[in-house]
Amino acid sequence: MKSLVLLFVLVVAARCKRVFIGDQIIRVNVESEEHIQLLQALEREQDWELDFWLHPVSTELPVDLRVPYSGLSAVKDYFRFHSIPFSVMVNNLQELLDEEEAEMEESKVLERSTKSFNFGAYHPLETIYSWMDSLVAEHPNLVTKEEIGRSYENRPMYVLKFSTGGNKRPAIWIDTGIHSREWVSQATGVWTANKIATDYGTDASLTRLLNTMDIYMLLLANPDGYAYTHTNDRMWRKTRSKNPGSLCRGVDPNRNWDAGFGGPGASKNPCSDSYHGPSAHSEIEVKNVVNLIRNHGNFKSFISVHAYSQLLMYPYGYSCRDTPHQPELDSVGRAAVQKLTSLYGTRYKVGSICKIIYQASGGSIDWSYDLGIKYSFAFELRDTGRYGFILPANQIIPTASETWLALKHIMEYVRDHPY
């Protein structure tokens, strides 16, 4: 058995893929402000190489962190010494990743033999881009694939445009996968794009919507990061741009927008997963979207899909003050979540980013709202921490199906409330 494990490690190392053998996901249920301060001090301790999945911000929210095997004893001793209660959510992260990879391989074989796309599986970038071509070929009168620019590593960035004609009609924007490791986001985007294409003409409400409005979907908002999660580091979150004067690469693309840029909730440290970048819109992936939205000029809704925590949020993140449209946005959000919950009973919380999680500057929906796109929302999909970013593939379709009910409600509301 030991020789098999060693062989596996050597094979993985040869592929230059980061492994997480023995790493644990630990949950802390914060009980006091002192606990928060102690956890924040731990977060600043770079030598321990801790990866906070949910950050220490409030006594009302749990904290999830990935602890490398080498630091487990020290971190647990720290918690015990300071009487910080904790539990182990994932005992060995690599085991989950191995299962995930095995399932992907099985799905790949099945897809080859059946010549069909499995919406209940995770796929690499190339497969998703190829599937987009198939969708366009199957629905040529509704769907087009448009390149909006190139990524830092020169990958094309494609949007799927769902339109029945006209020029710069009122439009809805949906992006998925801005944080590359949140795989259920991209997978939900793929399922949703297929749902829109196949339901047009049979779903009366969706058909009416697409007869008057367009939908733009960016399935891979961070293509370089997503490719990197498949080839090198499953836990990679940021872009892959080089940071002058630092060996650490990448910028958090959801801290890079010109909306309270560089404020609280974003880091100045290039090695941080929340690094905001040298300037607003420094990341070409962000700039490509900004240019499209500005040049189009008639977007009425901007929806960004993330994972995890089961939240539906609206602006602001960079400030805790209410937007002028807060009552309406809250009402729309709560009605959307009610629809979502009706399918499987999945519970979501609704609120502004700053009040429901934490103050976070430079976010996309704050930028879109300040640009005048009133119906700006962000989803945090399943789950609430049992698996976190490693949500099993068998939850993709249930997640996408329930999310669709909420998305559809928001889109119908936007259609019926022009401004």
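One structure accompanies this document, and this report is about it. (Residues numbered from 1 in each chain as written. Predicted model: local features only at pLDDT ≥ 70, side-chain atom pairs only at ≥ 80, totals over all residues. Heavy atoms only, no water.)

Side note on helix H2 (residues 33-44)
Since the α-helix packs 3.6 residues into each turn, any two residues three or four apart lie on the same face. The terminal C-alpha atoms of H2, which comprises 12 residues, lie 17 Å apart, in line with the 16 Å expected from a rise of 1.5 Å per residue. Among the residues of H2, His35, Ile36, Leu38, Leu39 and Leu42 are the ones counted as buried. End-on view of H2: buried residues confined to an arc of 165°, all on one side of the axis. In this structure, H2 carries Glu33, Glu34, Gln37 and Arg44 as exposed residues pointing more than 90 degrees from its buried face. On its buried face, H2 sits against strand S1 (24-28), strand S2 (51-54), strand S3 (63-67) and helix H3 (72-81). (Helix = DSSP H or I, 4+ residues; strand = E, 2+ residues; numbered from the N terminus. Expected span 1.5 Å × (residues − 1). Buried < 20%, exposed > 50% of the residue type's maximum accessible area, 1.4 Å probe, protein only. Arc of directions from axis to C-beta. Contact = heavy atoms within 4.5 Å.)

Structural notes on the state of the cysteines
Applying the stated criterion across every chain, the model contains two disulfides. In this model cysteine 320 forms its disulfide with cysteine 354; the gap between the sulfur atoms is 1.8 Å. A torsion of -55° about the S-S bond marks the disulfide between cysteine 320 and cysteine 354 as left-handed. Residue cysteine 320 is found in the loop between strand S10 (311-314) and helix H10 (326-344), and its partner cysteine 354 is found in helix H11 (residues 353-356); the two are separated by 34 residues along the sequence. Residue classification places cysteine 354 among the buried positions, given a relative accessible area of 7%. Free of any disulfide, cysteine 16 has its nearest cysteine sulfur in cysteine 248, 18 Å distant. Overall, cysteine 16 belongs to the exposed group, its relative accessible area being 57%. (Disulfide = S-S within 2.5 Å.)

Some thoughts on the pattern of salt bridges
Scanning the model with the defined rule gives 26 salt bridges in all. Its salt-bridge partner being glutamate 105, residue lysine 108 comes within 3.4 Å of it at the nearest N-O pair. Here glutamate 105 and lysine 108 lie together in helix H4 (residues 93-114), a separation of three residues that amounts to about one turn. As a salt-bridge pair, glutamate 402 and arginine 382 come within 2.8 Å of each other at their nearest N and O atoms. Of this pair, glutamate 402 sits in helix H13 (residues 396-416) while arginine 382 is found in the loop between strand S12 (375-381) and H13, placing the two residues 20 residues apart along the sequence. (Salt bridge = Lys/Arg side-chain N within 4 Å of Asp/Glu carboxyl O.)

A short note on the packing of helix H5 (residues 125-138) against helix H6 (residues 183-199)
Here H5 crosses H6 at 0°, and the two axes come no closer than 11 Å. Classified by the angle their axes make, H5 and H6 are roughly parallel. Mapping the contact onto sequence places Ile128, Trp131 and Leu135 in H5 and Val190, Ala193, Asn194 and Ala197 in H6. In the contact of H5 with H6, the residues fall into six nonpolar, one polar and no charged. (Axes fitted to C-alpha atoms, helices over the stretch in contact; angles between N-to-C directions. Parallel < 35°, antiparallel > 145°, perpendicular 65-115°, else oblique. Nonpolar A, V, L, I, M, F, W, Y, C, P; charged D, E, K, R; others polar.)

A few points about the sheet that holds S3
The four strands lie next to each other as S2-S3-S1-S4, forming an open sheet whose pairing is antiparallel. The open sheet has two edge strands with one neighbour each: S2 and strand S4 (86-90). Strand-to-strand twist in this sheet, taken as the mean axis angle between neighbours without regard to direction, amounts to 30°. By the bridge criterion, three bridges tie S2 to S3 in an arrangement that is antiparallel. (Pairing = 2+ DSSP bridges.)

A few points about the nonpolar core
In terms of nonpolar packing, the biggest core is built from 103 residues, with Trp131, Phe162, Trp173 and Phe379 touching the most fellow members. Sort the elements by how many residues they give to this core and H13 lands first, with nine residues. Leaving out residues up to four positions away in the same chain, tryptophan 131 has contacts with Phe117, Phe119, Leu160, Val190, Ala193, Asn194 and Leu219. Among the nonpolar cores identified, the runner-up in size contains 17 residues, and Ile26, Leu50, Val75 and Tyr78 belong to it. (Core = buried A, V, L, I, M, F, W, Y, C linked by side-chain atoms within 4.5 Å.)

Quick word on unusual backbone geometry
In this model, alanine 307 is joined to tyrosine 308 through a cis peptide bond whose omega is 10°. Going from proline 315 to tyrosine 316, the amide bond is cis rather than trans, its omega being 5°. In this structure, lysine 168 takes a positive phi of about 50° despite not being glycine. With respect to the helices and strands, the residue lysine 168 is situated in the loop between strand S6 (156-162) and strand S7 (171-176). The phi torsion at glutamine 310 lies on the positive side, around 60°, for a residue other than glycine. With respect to the element layout, glutamine 310 can be found in the loop between strand S9 (299-307) and S10.

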